[in-house]
Amino acid sequence: MQYSFKLNLTNEQDTQKLASFLGQHIAQGVIYLIGDLGAGKTTLTRYWLQALGHTGAVKSPTYTLVEPYTIQKQDVFHFDLYRLNDPYELELMGIRDYLDTPNALFLFEWPSKGADEIPQADYVIQIEKMDDEDLRQVTLSFDSIDFQNALNQEYTAG
Ligand code: ADP
Ligand code: MG
């Protein structure tokens, strides 16, 4: 991808703020959430859905593979492929029907487990846990110049 942007999230409040920013600037597309267990992929997703206006629970779809949402007419699919044994299981669970949904937002935890069964990412969000308990280093990778400009304005403008 063409651009990458690193930022430090000092605590969950920073993560929530980033989620709101993402909710405002990414309307649809495929997002990969990469990071170890406990990095904060589900936490970021939860704040993102809340930023879009979701008020109910956000369950981790570890066993169901996917949790679908419709939030203010926006379709969102939250995948967690951690427990996927074989990418072909995605065919069997009907992933194509999900992927055919127009204008939807697709969030993938553990995308590497989906191999060729899942589409290429528009945005990759890598979250790294640091020594300090609540600190996370995030690297965003993407191709959109508009998104790059928005990030600069939000995070680097004085
Ligand atoms: P993952 O989905 O990557 O396995 P989770 O989101 O389930 O991770 O868990 C992340 C844990 O780290 C949660 O208990 C959350 O409260 C905690 N946490 C602490 N600081 C942060 C932060 N800055 N951002 C996200 N989560 C944080
Ligand atoms: Mg998770």
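Keep in mind that what you see is a predicted model, and the values were worked out from it rather than measured. (Residues numbered from 1 in each chain as written. Chains lettered and ligands numbered in written order. Predicted model: local features only at pLDDT ≥ 70, side-chain atom pairs only at ≥ 80, totals over all residues. Heavy atoms only, no water.)

Undergrad: So what exactly am I meant to see when it comes to the site of ligand 1 here?
TA: The full set close to ligand 1 counts 14 residues, and Glu12, Thr15, Gly38, Lys41 and Thr43 are the nearest of them. Contacts to ligand 1 include threonine 43, whose side-chain N or O atom sits 2.6 Å from an oxygen atom. The contact in question runs from an oxygen atom of ligand 1 to an N or O atom on the side chain of arginine 136, over 3.0 Å. With the chains in place, 75% of the 570 Å² that ligand 1 exposes on its own is no longer accessible. Taken atom by atom, the bulk of ligand 1 overlaps the largest pocket. For the shell around ligand 1, the elements supplying multiple residues, two or more each, are α1 (12-25) and α2 (41-52). The element that contributes the greatest number of residues to the shell around ligand 1 is α2, accounting for three residues. Partitioning the shell around ligand 1 into residue classes produces two nonpolar, six polar and six charged. (Near = heavy atom within 4 Å. Polar contact = N/O pair within 3.5 Å; in protein donor to acceptor, adjacent residues only side chain to side chain. Areas by Shrake-Rupley, 256 points an atom, 1.4 Å probe, with all protein chains shown as cover. 1 Å grid on protein atoms, 1.4 Å probe; cavity = no way out; pocket = protein on both sides within 12 Å on 5 of 7 lines; lining within 4 Å. Sits in = over half its atoms within 2 Å of the grid points. Helix = DSSP H or I, 4+ residues; strand = E, 2+ residues; numbered from the N terminus. Nonpolar A, V, L, I, M, F, W, Y, C, P; charged D, E, K, R; others polar.)

Undergrad: Teacher, can you tell me more about the sheet that holds strand β2 (residues 29-34) here?
TA: Either a parallel or an antiparallel arrangement is found when strands of a sheet pair, and the pairing is made through backbone hydrogen bonds. The strand order β1-β7-β6-β2-β5-β4-β3 describes an open sheet built from seven strands, whose pairing is mixed. Strand pairing shows two members of the sheet lacking a second neighbour, β1 (3-9) and β3 (66-71), which therefore form its edges. Recorded for the sheet is a direction-independent mean angle of 15° between the axes of neighbouring strands. Both β2 and strand β5 (residues 105-109) contribute to a ladder of five bridges, which runs parallel. (Pairing = 2+ DSSP bridges. Axes fitted to C-alpha atoms, helices over the stretch in contact; angles between N-to-C directions.)

Undergrad: Can you walk me through the packing of aromatic side chains in this structure?
TA: Working definition: an aromatic ring pair is given by the centre-to-centre distance plus the angle between the planes. One pass over the full model with this rule turns up 13 aromatic pairs. For the ring pair phenylalanine 77 and tyrosine 98, a centre distance of 5.3 Å and an interplane angle of 65° mean the geometry is edge-to-face. Placement of phenylalanine 77 in strand β4 (residues 74-80) and of tyrosine 98 in helix α4 (residues 95-99) is noted, with a sequence separation of 21 residues between them. Take phenylalanine 77: its relative accessible area is 7%, and that puts it in the buried class. An aromatic cluster of at least three residues, connected via ring pairs, comprises Tyr3, Phe5, Phe21, Tyr123, Phe142, Phe147 and Tyr155. If you follow lysine 113 out to its NZ or CZ, it ends over the ring of tyrosine 82, 5.2 Å from the centre. (Phe/Tyr/Trp six-rings, centres within 6.5 Å; stacked < 30°, edge-to-face > 60°. Buried < 20%, exposed > 50% of the residue type's maximum accessible area, 1.4 Å probe, protein only. Lys NZ or Arg CZ within 6 Å of the ring centre and 35° of its normal.)

Undergrad: What is the right way to read the coordination of the magnesium ion (ligand 2) from this model?
TA: Put simply, the ideal angle at a metal is 109.5 degrees for four donors in tetrahedral geometry and 90 or 180 degrees for six donors in octahedral geometry. With distances of 2.1 to 2.2 Å, the protein atoms coordinating the magnesium ion (ligand 2) are Thr42 (OG1) and Glu109 (OE). With threonine 42 in helix α2 and glutamate 109 in strand β5, the pair connects residues that are 67 residues apart, well separated along the chain. Neither threonine 42 nor glutamate 109 differs from the other in exposure class; each is buried. (Donors = N, O, S within 2.8 Å, 3.2 Å for Na, K, Ca; no water.)

Undergrad: Just checking my understanding: could you explain α1 for this structure?
TA: Side chains of residues three or four places apart in an α-helix project in the same direction, reflecting 3.6 residues per turn. The first and last C-alpha atoms of α1 sit 20 Å apart over 14 residues, in line with the 20 Å expected at 1.5 Å per residue. Among all positions in α1, only Thr15, Leu18, Ala19, Phe21, Leu22 and Gly23 are buried. Of the surrounding secondary structure, the elements contacted by the buried residues of α1 are β1, α2, β6 (123-129), β7 (136-142) and α5 (145-155). (Expected span 1.5 Å × (residues − 1). Contact = heavy atoms within 4.5 Å.)

Undergrad: Would you mind showing me how to read the layout of surface pockets here?
TA: Over the atoms a probe the size of a water molecule is rolled, and this reveals where empty space is left. One number sums up the size of the largest pocket: a volume of about 310 Å³. Taken together, 23 residues line the largest pocket, and the ones lying closest to its centre are Gly38, Ala39, Gly40, Lys41 and Thr43. Elements that contribute at least two residues to the lining of the largest pocket include exactly α1, α2 and β7. Element by element, the count of residues in the lining of the largest pocket is highest for α2, at four residues. Class assignment of the residues belonging to the lining of the largest pocket gives a composition of nine nonpolar, eight polar and six charged. (Points joined across faces, edges and corners; volume = space filled by probe spheres on them.)

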